[in-house]
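Tertiary structure, described
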Amino acid sequence: MTDAVDNNESGDGIRLAKRVAAQLDCSRADAERYIAGGWVSVDGKVAEDPATRVTPGQQVALLPGATAEEPLPVTILLHKPAGVGTTAALEALGADTLSGGGRFLKRHLHKLTLATPLETAASGLVVFTQDWRVQRKLVEDGARIEHEYVLEVEDEYIGEKALAAMNAAGTPAAPVKVSRQSETRLRIAGKGIRAGRIEVMCRQAGLTFKSLRRLRIGRLALSSLPAGQWRYLGEFERF
């Protein structure tokens, strides 16, 4: 029955998965995994949808290094620019903003969880993930992960009293370490720092908030990742 349906629809081509299965003499399931993994090209362009219809005249090829294994979930590290909400930042992810290499697949943007919220006004490192292990580490056990920030204030000078007040804003269970980097800039490191908390600490210390940038989450630093760019979490990287 399936063959009859495909023959009736031959004017519009056949499903890419069927073409790949026939061409490689493999199962339809393996063909779909090749396609989902971004290993199949149609007329030189990668096709990720097994339901894509192809005609006999189109060139279908398997890319070098192809594997029929199910693609692994990914974790994305983004340098979110200041003034951009996390939803808008997520929508801007794509091959053109990928930094540091890696094979970009559209499926990598499906069902991503924001694991490390950051204020719209702030910039810096943000993590999106498809991996339940990373989600558990950063969301469920997030209070145990240290984050590091740089705070810039409008004030001409950060006095000792204000610095002491910032350090005292932590709790015994979640202390913060605040040090002066310049007359108007502070480095802040601590666990369990929720979005918005540093701006509140700043006001309580009598300082005028200017900007905030997250430099590090656990052991992973923003490093030289440009604003608006993102990269994949490496296989051996850990938070």
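Residues numbered from 1 in each chain as written. Predicted model: local features only at pLDDT ≥ 70, side-chain atom pairs only at ≥ 80, totals over all residues. Heavy atoms only, no water.

**Looking at the environment of T113**
Applicable threshold: Numbering of helices and strands runs from the N terminus; a helix is a DSSP stretch of H or I covering at least four residues, while a strand is a stretch of E covering at least two. A contact between two residues is defined here by any heavy atoms of the two lying within 4.5 Å.
With respect to the element layout, T113 can be found in strand β7 (residues 113–114). Sequence separation of T113 and F128 is 15 residues, and the distance between their C-alpha atoms is 5.3 Å. Among all residues touching T113, those that are not within four sequence positions of it are V127, F128, T129 and Q135.

**With respect to the sheet that holds strand β3 (residues 45–46)**
Short version of the rule: DSSP-based pairing: two strands are paired if at least 2 bridges between them are found.
The 3 strands are arranged β3-β2-β5 in an open sheet whose pairing can be described as antiparallel. Each edge of the open sheet is held by one strand with a lone partner, namely β3 and β5 (60–62). Here strand β2 (residues 40–42) runs beside β3; their pairing, made up of 2 bridges, is antiparallel. Residue V42 lies in a different strand from β3, and its bridge partner there is K45.

**A few points about the packing of aromatic side chains**
The test is simple: By convention, a stacked pair of Phe, Tyr or Trp rings (six-membered ring in the case of Trp) has centres within 6.5 Å and planes under 30 degrees apart, an edge-to-face pair has planes over 60 apart, and any other such pair is tilted. Per-residue accessibility, obtained with a 1.4 Å probe over protein chains only, is compared with the maximum for each type, and a residue is labelled buried under 20%, exposed over 50%, and partly exposed between these values.
All chains considered together, the criterion is met by 2 aromatic pairs. Centroid distance F104 to W230: 6.0 Å. Interplanar angle 65 degrees. Geometry classified as edge-to-face. Of this pair, F104 sits in the loop between α4 (86–91) and β7 while W230 sits in strand β14 (residues 230–232); the two residues are 126 residues apart in sequence, bridging distant segments of the chain. By relative accessible area, W230 is classed as buried at 0%. Taken together, a centroid distance of 4.9 Å and an interplanar angle of 85 degrees make the contact between W230 and Y232 edge-to-face. The two residues W230 and Y232 agree in class, both being buried. In this structure an aromatic cluster arises from ring pairing among F104, W230 and Y232.

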